[in-house]
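These are the residues of each chain, in order.
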Amino acid sequence: MSVELEGNILVTGANRGIGLELIKQLAVKMGGEAHIYACCREPEGPGAEALREVATKCPGKITIIKLDVADEDSMSTAARTVSEKIAAGGLNLLINNAAINKPASPAPLSATTKKDMMDVYETNVVGPFVLAKVLLPLLQRAAEKDSSAKDNGNKMSCRRAAIINLSTMVSSIEKCPETFSTAQMYPYRTSKAALNMLTRCQALDFKNHNILVAAIHPGWVRTEMGGAEVR
Ligand SMILES: NC(=O)c1ccc[n+]([C@@H]2O[C@H](COP(=O)([O-])OP(=O)(O)OC[C@H]3O[C@@H](n4cnc5c(N)ncnc54)[C@H](OP(=O)(O)O)[C@@H]3O)[C@@H](O)[C@H]2O)c1
C-alpha cells in the first residue's frame, strides 16, 4: 500500500549512509504538504554532493540545513532557521540519525581513549538530547495543531509529532554477552545504551504533549559505519 507523507520532517546526518537513504525514501512518498529538512555538517562540501542531487530532483520539497550535533550553537541556529521556515506550522517528525563510532570497529579496549568516550557520548547522546530540547516547541506546535488525530483514535504517531532515535542492537544490556565478542566498542555501546534511556525518559516526559518518542535498531546496513560485511 502506498502511503503519502505529509508534514515537516527533520533528519540529522542526512548526507550519507542511512540518513541519505532515509531522505531518498521519504522524498518518494512526499505529498503536497510535506517538507524535509535534511541536516548535515557541511551542506556545501563534497560530502553532501549526493544529498544536494536528491534535493535538486525535488524542487521546493527538501531544504538542506547546516547542523553539527556536537555543537550547541549549531543546533540552536538550525532550530531557529527551521522555525522561521516552518512559520505557523510545527515539526511532525525528528529523526536523530547522526552518530559516530570511535575508534574504528572492532575498537578494542586497548585502542580506546577517554577522548573517544567523550566525543562519542557528545555526538550520540548529548546531541539528540539538546536537539530534542531546542525543537520541542516546534514538535508541541505540530501535536497541538493535529487535535483531529486524537478524535480518530490516533493520539500519538509519526504523522502527528514524534522523535525517532536511531539506536542499535549492540546497545542492549541483555544481548551484550552475545554481541560483545564481535566488537568491544565501549564508547559506541555505552552511548547508545544511554540514548535508549534518554528515549525512555523523553517518551514519559513528552507523552503529556502527545509526542511519540521511540528508539529503533535499523538492522545491519552496509555504510561507512556498518562496514562492508555483516558482522
Ligand atoms: N549501519 C549500521 O549497520 C547500523 C546499525 C545499527 C544502528 N545504526 C545507526 O544508524 C545511524 C546511521 O548510521 P550509518 O551507518 O548511516 O552511519 P554513517 O554512514 O557513518 O553516517 C553517519 C552520519 O552521521 C553524520 N554525523 C556524524 N557526526 C555528526 C555530527 N557531529 N553532526 C552532524 N552529523 C554528524 C555523518 O556526517 P559526516 O559526513 O559529516 O561525517 C553521517 O552523515 C547511527 O545512529 C547508527 O548508530 C547503524
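Use the structure listed above.
Below: a short report on this structure.

Criteria and cut-off values
Residues numbered from 1 in each chain as written. Predicted model: local features only at pLDDT ≥ 70, side-chain atom pairs only at ≥ 80, totals over all residues. Heavy atoms only, no water. Near = heavy atom within 4 Å. Polar contact = N/O pair within 3.5 Å; in protein donor to acceptor, adjacent residues only side chain to side chain. Areas by Shrake-Rupley, 256 points an atom, 1.4 Å probe, with all protein chains shown as cover. Core = buried A, V, L, I, M, F, W, Y, C linked by side-chain atoms within 4.5 Å. Buried < 20%, exposed > 50% of the residue type's maximum accessible area, 1.4 Å probe, protein only. Helix = DSSP H or I, 4+ residues; strand = E, 2+ residues; numbered from the N terminus. Contact = heavy atoms within 4.5 Å. Arc of directions from axis to C-beta. Patch = residues over 30% accessible without salt bridge, like charges linked within 9 Å, V, L, I, M, F, W, Y side chains within 5 Å. Salt bridge = Lys/Arg side-chain N within 4 Å of Asp/Glu carboxyl O. Lys, Arg positive; Asp, Glu negative; His and termini not counted. Charge placed at Lys NZ, Arg CZ, Asp CG, Glu CD.

1. Observations concerning the site of the ligand
Around the ligand, the surrounding shell holds 29 residues, and the nearest of these are N15, I18, R41, Y188 and T223. Here D68 contributes a side-chain N or O atom positioned 2.8 Å from a nitrogen atom of the ligand. The side chain of T223 places a nitrogen or oxygen atom 2.4 Å from an oxygen atom of the ligand. Relative to its unbound accessible area of 900 Å², the ligand is 93% covered by the protein chains.

2. Quick look at the nonpolar core
L10, L91, L94, L135 and I211 are the most contacted members of the largest nonpolar core, which has 28 residues in total. The element best represented in this core is helix 4 (residues 114-145), accounting for nine residues. In this structure L10 touches Y37, C39, V82, L91, L93, L94, I95, L131 and L135, once residues within four positions along its chain are discounted. In terms of nonpolar packing, the next biggest core, distinct from the first, is built from 24 residues, L20, I23, V54 and L93 among them.

3. Focus: helix 2 (residues 49-57)
Residues separated by three or four positions in an α-helix point in the same direction, a consequence of the helix having 3.6 residues per turn. Looking only at helix 2, the buried set comprises L51, V54 and A55. Projected down its long axis, helix 2 shows its buried positions confined to an angular sector of 100°, all on one face. For helix 2, the exposed residues lying more than 90 degrees away from the buried face are T56 and K57. On the buried face of helix 2, the contacting elements are helix 1 (17-28), strand 2 (35-40) and strand 3 (62-66).

4. Re a negative patch on the surface
Taken together, the side chains of D71, E72, D73 and E122 present a region of like negative charge at the surface. Counting through the fold element by element, D73 comes out in helix 3 (residues 72-86). According to the relative accessible area criterion, D73 is exposed, its value standing at 59%.

5. A few points about the pattern of salt bridges
Under the criterion given, the structure shown has four salt bridges. The shortest N-O distance in the salt bridge between R16 and E224 comes to 3.3 Å. One end of the pair, R16, is in the loop between strand 1 (8-11) and helix 1; the other, E224, is in the segment after strand 6 (212-216), with 208 residues separating them in the sequence. Since its relative accessible area comes to 66%, E224 is described here as exposed. Put simply, D116 and K102 hold a salt bridge, and the shortest N to O gap is 3.7 Å. Of the two residues, D116 is situated in helix 4 and K102 in the loop between strand 4 (93-96) and helix 4; the sequence distance between them amounts to 14 residues. Under the relative-accessibility criterion, K102 is labelled partly exposed at 28%. Among the charged side chains, a salt-bridge network with shared partners connects K102, K115, D116 and D119.

So far we have only geometry, and geometry alone does not tell us how the molecule works.
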